[in-house]
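Spelled out from the first residue to the last, the chains are:
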Amino acid sequence: MRPAQFTMCRARTVAEAFEAMAVDDAKVIAGGQSLVPMLNFRLARPSTLVDITGLSSLRGVQREGRGVRVGGLTTHAAIEDGAIGGAAGVLLSRMAASLAYRPIRNRGTVGGSLSHADNRAEWPLGMSAVGAQARLISASGSRAVNVADLQLGPFAADVRADELLESLWLPDRHDRVYGYSKISAKVGEFAEAMAVADLGRDAGDQFTCWIGAPASRVISLELPMPRCTADSGWLQEAARNIQAETDPLPAYELNLAAVAAGRAALDALARAGERPEELDREGERRDV
Amino acid sequence: MEGVVRPTNVGARVPRLEDARHLSGRGRYTSDIPSPPGTLEVAFVRSHLPHARVLDVEVTSIPAGCRILLASDLERVVNPIRSGSTNPNLLVTEQPCLAGETVRFVGEPVAMVLAPDRATAEDAVDSIRLRLEALPVVASAAAALADDAPILHGGWSSNVALQSDREAGPFQEQVAKATTAVRRQFSMARVQPFPMEGRALLAIPGSDAGQLTLYASSQRPHLLRSFICAQVPGLDESALRLIAPDVGGGFGPKGNLYPEDLAVVGASLLTGHPIRWTEDRWEHLVASYQAREHSYDVTAYVDDDARVLALEVDVVVDGGAYSTLPSTMAIDASMALSVLPGPYRIEGYKARGRSVATNKAALSPFRGVGRPNACFAMERIMDEIAYELGLSPLEVRRRNMITPDEMPYRTVTGLIYDSGDYAEALEIAAQAIEELASERMAPEPGVLRGVGYGCYVEQTAHGADEWYRRNMNYIYGHEVARATMNPDGTVTLYVASHSHGQGHQTSFAQIAADRLGLDHDQVEIRYGDTHESPFGMGTFASRSLVMAGGAVHTAAGLLADRLREIAASWMECRPSDVELRNGKAETADTAVALSEIAFAAHLDPGRLPEGAEPGLDFTGYYRPAVGTGAFSYATHAAHVEVDTCTGHVRILDLVVAEDCGTVVNPLIVDGQIQGGAAQGIGQALFEEAGYDAAGQPTAAALTDYLLPGAAEVPSVDIHHLNHPSPHTYNGAKGAGEGGTIASPVAIANAVRDALGSGAPVDDLPLRAQSLWECLQANARLRAVDR
């Protein structure tokens, strides 16, 4: 389990990085939490590894317009610790806390995870749900892509070999309440199913549900509000609606997606300070 | 000095002395031993096919400084492993350390590359192409037993290495008396024992010709030395120094010989270079010894009072490609058939056991050795008897348990239970789990809860009788310790029982300190180096506290006797008037420091009594008065909840009520139970070293092999009973393996309790998807009923 030989380039500037990335079979490395195992198994055999962790322009979190710009090198741990504010920041912090283990979170980066595009991972889902936009840069310029459109499928992102995910821009959404649910075989594993619920601005009996795993790419759909975690009628209805939006899924996986969706919704409701019965009675949600 | 209670000695709950080293990163494992100049590192070329003829090892170009060794090279210095027993019916496998003609599992080593560093060695492996001609694959025990199965080993007439049939007690009469027969099938998945440290070797040629030092991550350095020397003509045990430094867990597999051990020794002999090999996780997952793949067909013959009159069982063990040395692939079935009746009074017994060869990594003993499987089958069937007869699982157990007044009790399989109150453990566990369950808030909607039990009796610290009974070529009848008092009065004990998590440095010191009137931290325990300690067996079979502890007790006792004799000669009293206390030899009115006696014994012999031997160095041996074992037992109780929406199982509470006799250090015993339970939870819910129908391993990386983590393992509620063994020096019984024996079945029975009849809990690990599908089907049935 030692990598095949490669040339290591520790880029000090973005230009240096682009130059190194121009070599055939070059591969960008940031936190390395997915790439290094692949290197060790010799599943990835890049000729050159371009280490971008020294690029200061890819670091940091700051206000920009009516939102916040998050550097691609921001670690999962930084997000867990509250680097991003607002309702989105709370959601993303909770998602980060469920992502693998702290030693992995200390190194892994949000840009790396999105570029790696594992459909079972947290950030394709989380960043889609909060409306994040990725800025991709290359020697020939830059472009912006909604994270919801960035992931093409499992391990396939709309990031060209000559591009770096420089940063994300997250719009302010102070009026939102998010809920989250991750179902995994054990703590720290990739998700079997994962969902984010967005109660929207004026939640009624519907919510917007974003689903990651087991879908091959993030999907979103409107679902009615469930009454409890084990509402079998609701689960079956939700499963049908989810299936309509994604590749055919086995019954159990589809069920897990529906369960995650329902739990994310109830989580959001609890965070909004309301119980399902109250919602049912009042028919509306108090703003927080 | 018996009976002197010191705050830190026998019975005291003191932290382990070795923890400071391990917790601060100062442990020294084989991979921490510096490489001498000229060291070459090994990367093995391993088979990618489960069964094939080796046509050629094609080498186009390899990096400079690399050397390749093939089977034909190693054959010149190392003999193939032929593991057998004194049972002539056991078929023997022949495993060369590198496969030259046939490979029989994915991961089997075919060639080895030696290079200045591991990465270069792996580059060379990359450039080597194995030309293999695929042979028909035997990917399961069922396939191995099929009439037209390809036969894996030359000279065998089937794939069954050993079949044993036995009928014991008045089986037919008992069956005739029964009114109900309950029959079920059970299985456990193959798992990885998974020590944190994988295998590691460093062979260093000595400065004199023919000498070799081998560092190895081993549970039993002396025996490994014997195993290796028996395979390497001309390598004498006196010339091989085997050092097992800190070892990061063993659990059984590290007590057996591996082909890689021989390959590394052979490479060093052939090249004259120091040779290092450190197993990586992929190698560990595909080529280290695996465990526990058994299937059972059990019938319990029961009367109207729910008494189990007779048992009939057919056990098949998937032994993998080769018999490990010295355990052989027959050890699991032999153990399972022997222990199946557990704590119950069962008089009729009919059993068949078959150990079969398949194209998988070899099976080896793993903590519990067949007992977790047998216990799973027995304790599941006890629950099914209860459900069939409309009784509670507790009640059925109560009615069948052997009582204390029946001790010693000879089981239908010939074990002689020595002590204990099995029902007491059951009642304590039942009460504890009910209390814990009652303290919890009501479950969320959609969550079902259940409680389950598992009971076992475990033969531990068996002496020679048991190993002869198992037809072993090596009989582990005793253990040894050497006690030395140094000239300054400090004490060093050399033992052959290695410690890799068992806390021997602490518990043995507690035992010796009591004998010598010292505190436990004044006694140094050394192990792991065949040049330091006398020949002994090592650590396995829940034997160290009894066997090596007994040897420590004996050796320290001999030393104490001599100290008292010398002191008595100075004080002009009888040795029996002298008490060793607080570093002194004392009588009622006078005292002398042990350091003064020690100095005289070594360096001032004129002060010794007339005719007394100089020196203070005593070797003590221990073998229990009875060689049939000291029998620990326990009831494990699990309280679980099943998420009906996902089928996921969460363990809420786990209780262990156990009796390991006299407890030397309760903190260490608790740790052993907690760790064993974690492995039981893994077996019950997560772990599976699977193979697909083509014989390819399905868990070749940790992403596919789930181990329970801190979040999945509750803190075990532990209750100690104390019925000392009449056969051991201090009443102790072994405690190392018990935690892993009954926890899997307690969890499965708890899930059965939660879900009701039809719950798919007869095959471990439990599968969330199967549980969910069962719940869905039940829900549909209820809907139809309405």
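All figures in this text were calculated on a predicted structure; none of them were measured in a lab.

(A) Representation of the overall build of chain B in the model. Helix and strand counts for chain B stand at 19 helices and 31 strands. Buried positions account for 62% of the 786 residues belonging to chain B. Contacts in chain B between residues far apart in sequence, at least 24 positions, make up 80% of those at least 6 positions apart. One way to put it: in chain B the 63 positive side-chain charges average out to a point 2 Å from where the 98 negative ones average out.

(B) Structural detail: the pairing of strand 10 (residues 164–171) of chain A. Residues and elements named next belong to chain A. Where burial is concerned, most of strand 10 is hidden: seven out of the eight residues are buried. Sheet topology places strand 5 (residues 67–71) next to strand 10; five bridges connect them, and they run antiparallel. Note that in strand 10 the partner of R69 across the bridge is W169. As paired strands, strand 6 (residues 133–138) and strand 10 are joined by five bridges and run antiparallel to one another. Counted as the bridge partner of R135 is S167 from strand 10.

(C) Looking closely at the side chain of T628(B). As for its placement among the helices and strands, T628(B) is situated in the loop between strand 27 (617–622) and strand 28 (630–643). Contacts of T628(B), omitting those with residues within four sequence positions, involve I416(B), Q459(B) and D465(B).

(D) The arrangement of the confidence of the model for chain B in detail. Across chain B, the average pLDDT comes to 96, with 99% of residues at or above 70. This complex was scored by the predictor with a pTM of 0.96 and an ipTM of 0.92.

(E) Spotlight on unusual backbone geometry. Of note, the amide linkage connecting A213(A) to P214(A) takes the cis form, showing an omega dihedral of 5°. Summarising the element assignment, P214(A) is placed in the loop between strand 13 (206–211) and strand 14 (219–224). Each neighbour pair has its own omega, and for M407(B) with P408(B) the value is -10°, a cis peptide bond. Along the chain, P408(B) turns up in the loop between helix 11 (393–400) and strand 18 (409–410). Positive phi is not limited to glycine here, since A117(A) has a value of about 60°. Secondary-structure assignment places A117(A) in the loop between helix 6 (110–116) and helix 7 (122–129). In the Ramachandran plot, R292(B) falls in the positive-phi region, its phi being about 75° despite a non-glycine side chain. Mapped onto the secondary structure, R292(B) falls in the loop between helix 8 (281–287) and strand 15 (294–302). The exposure class of R292(B) is buried, given its relative accessible area of 2%.

(F) The side chain of S83(B), seen in detail. Residues and elements named next belong to chain B. With respect to the helices, strands and loops of the structure, S83 is situated in strand 4 (residues 81–83). For S83, a relative accessible area of 1% translates into the label buried. Within the structure, the side chain of S83 is placed 2.8 Å from the backbone oxygen of T324, a separation counted as a polar contact.

(G) Expanded view of the packing of aromatic side chains. Residue and element names in this part refer to chain B. In the structure shown here, the tally under the stated rule is 16 aromatic pairs over all chains. Measuring from ring centre to ring centre gives 5.1 Å for Y417 and F631, while their planes differ by 55°; the resulting arrangement is tilted. Placement of Y417 in strand 19 (residues 416–417) and of F631 in strand 28 is noted, with a sequence separation of 214 residues between them. A relative accessible area of 1% means that F631 is categorised as buried. Between Y622 and Y729, the ring centres sit 5.3 Å apart and the planes meet at 75°, which makes this aromatic pair edge-to-face. Of the two residues, Y622 is situated in strand 27 and Y729 in the loop between strand 30 (717–721) and helix 18 (743–755); the sequence distance between them amounts to 107 residues. The class for Y622 is buried, based on a relative accessible area of 9%.

(H) How the structure looks around the sheet that holds strand 12 (residues 193–198) of chain A. All names here are of chain A. With antiparallel pairing, the four strands of this open sheet are ordered in space as 11-12-13-14. In this open sheet, the two strands that pair with only one neighbour each are strand 11 (178–183) and strand 14. Within the sheet, the average angular offset between the axes of one strand and its neighbour, ignoring direction, is 25°. The sheet contact formed by strand 11 and strand 12 spans six bridges and is antiparallel.

(I) Broad picture of the confidence of the model for chain A. Averaged over every residue, the pLDDT of chain A is 92; residues scoring 70 or more account for 94%. Between residues 275–288 of chain A, whose pLDDT stays under 50, and residues either more than four places distant or in other chains, the model counts 32 contacts.

(J) Looking closely at the sheet that holds strand 23 (residues 523–526) of chain B. All names here are of chain B. If you trace the four strands from one edge of the open sheet to the other, you get 23-22-21-27, paired in mixed fashion. Here the strands that pair on one side only, and so sit at the sheet edges, are strand 23 and strand 27. Sheet twist, expressed as the mean angle between neighbouring strand axes with direction ignored, is 20°. For strand 21 (residues 479–485) and strand 22 (residues 491–495), the ladder comprises five bridges, and the chain directions are antiparallel. Residue pairing in the sheet places T484 in a bridge with T492 of strand 22. Its contacts with the sheet place helix 15 (residues 544–571) against strand 21, strand 22 and strand 27, and it is angled at close to 145° to strand 27.

(K) Examining the packing of helix 11 of chain B against helix 12 (residues 422–438) of chain B more closely. Residues and elements named next belong to chain B. Two elements in contact, helix 11 and helix 12, have axes whose closest approach is 11 Å; the angle formed by their N-to-C orientations is 165°. Taken together, helix 11 and helix 12 sit at an angle that is classed as roughly antiparallel. Handedness of the crossing formed by helix 11 with helix 12: left-handed. Counted together, L394, R397 and R398 of helix 11 and L426, E427, A430 and E434 of helix 12 form the full contact between these two elements. Residues belonging to the contact of helix 11 with helix 12 are distributed by class as follows: three nonpolar, no polar and four charged.

(L) Structural context of a nonpolar patch on the surface. All names here are of chain A. Side chains of M38, F41 and L43 sit close together on the surface and give an oily, nonpolar patch of about 280 Å² of accessible area. Among the secondary structure elements, L43 is positioned in the loop between helix 2 (35–40) and strand 3 (48–51). Residue classification places L43 among the exposed residues on the basis of a relative accessible area of 68%.

Cut-offs and rules
- Residues numbered from 1 in each chain as written.
- Chains lettered and ligands numbered in written order.
- Predicted model: local features only at pLDDT ≥ 70, side-chain atom pairs only at ≥ 80, totals over all residues.
- Heavy atoms only, no water.
- Helix = DSSP H or I, 4+ residues; strand = E, 2+ residues; numbered from the N terminus.
- Buried < 20%, exposed > 50% of the residue type's maximum accessible area, 1.4 Å probe, protein only.
- Contact = heavy atoms within 4.5 Å.
- Lys, Arg positive; Asp, Glu negative; His and termini not counted.
- Charge placed at Lys NZ, Arg CZ, Asp CG, Glu CD.
- Pairing = 2+ DSSP bridges.
- pLDDT = per-residue confidence, 0-100.
- Polar contact = N/O pair within 3.5 Å; in protein donor to acceptor, adjacent residues only side chain to side chain.
- Phe/Tyr/Trp six-rings, centres within 6.5 Å; stacked < 30°, edge-to-face > 60°.
- Axes fitted to C-alpha atoms, helices over the stretch in contact; angles between N-to-C directions.
- Parallel < 35°, antiparallel > 145°, perpendicular 65-115°, else oblique.
- Left-handed = near helix turned anticlockwise from the far one by under 90°.
- Nonpolar A, V, L, I, M, F, W, Y, C, P; charged D, E, K, R; others polar.
- Patch = residues over 30% accessible without salt bridge, like charges linked within 9 Å, V, L, I, M, F, W, Y side chains within 5 Å.
- Areas by Shrake-Rupley, 256 points an atom, 1.4 Å probe, with all protein chains shown as cover.
- Salt bridge = Lys/Arg side-chain N within 4 Å of Asp/Glu carboxyl O.

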